[in-house]
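Architecture and fold: a report
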Amino acid sequence: MFAFDLKGGLAAARRFCDRCKVFLLAVSLGGVESLIVLPIYTSHYRMSTHELAAAGVEPGTVRVSIGLEDPVDLISDLKQALG
């Protein structure tokens, strides 16, 4: 699992997630699928701006969880979603 912030904030993060084809936009399903999630809508939803900053979460933060899909497919998906 890793997280990163996209320039352009929430709008850029939403576009990125919408463009992903292999990664599922979902919280943990208890499976082995690769997932992406926007913490501002899930685990950090009710936090104030101050609390988000203290937690290191920006509106453009995307959290990625790597599953068992082919690494080449996952890398390709991330690249095309960022493009």
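The structure contained in this document is the topic of the report that follows. (Residues numbered from 1 in each chain as written. Predicted model: local features only at pLDDT ≥ 70, side-chain atom pairs only at ≥ 80, totals over all residues. Heavy atoms only, no water.)

Our next topic: the side chain of Asp-77. In this fold, Asp-77 is placed in helix H3 (residues 71–82). For the buried Asp-77, no salt bridge is present, and the opposite-charge side chain at shortest range is Lys-21, 6.3 Å distant. At 2.8 Å, the side chain of Asp-77 forms a polar contact with the side chain of Gln-80. Excluding residues that lie within four positions of it along the chain, Asp-77 makes contacts with Arg-19, Cys-20, Lys-21, Val-22 and Phe-23. (Helix = DSSP H or I, 4+ residues; strand = E, 2+ residues; numbered from the N terminus. Buried < 20%, exposed > 50% of the residue type's maximum accessible area, 1.4 Å probe, protein only. Lys, Arg positive; Asp, Glu negative; His and termini not counted. Salt bridge = Lys/Arg side-chain N within 4 Å of Asp/Glu carboxyl O. Polar contact = N/O pair within 3.5 Å; in protein donor to acceptor, adjacent residues only side chain to side chain. Contact = heavy atoms within 4.5 Å.)

We now examine the sheet that holds strand E4 (residues 61–65). Taken in spatial order, the 4 strands make up an open sheet running E1-E4-E3-E2, and their pairing is mixed. The two strands at the open ends of the sheet, each matched to only one other strand, are strand E1 (2–5) and strand E2 (24–25). Bridge analysis of E2 against strand E3 (residues 35–37) gives 2 bridges, and the strand direction is parallel. Along E3, the bridge assignment pairs Leu-25 with Ile-36. Its contacts with the sheet put helix H1 (residues 9–19) on E1, E2, E3 and E4, and the angle it makes with E4 is roughly 30 degrees. (Pairing = 2+ DSSP bridges. Axes fitted to C-alpha atoms, helices over the stretch in contact; angles between N-to-C directions.)

Worth remembering: the numbers are spatial, not functional.
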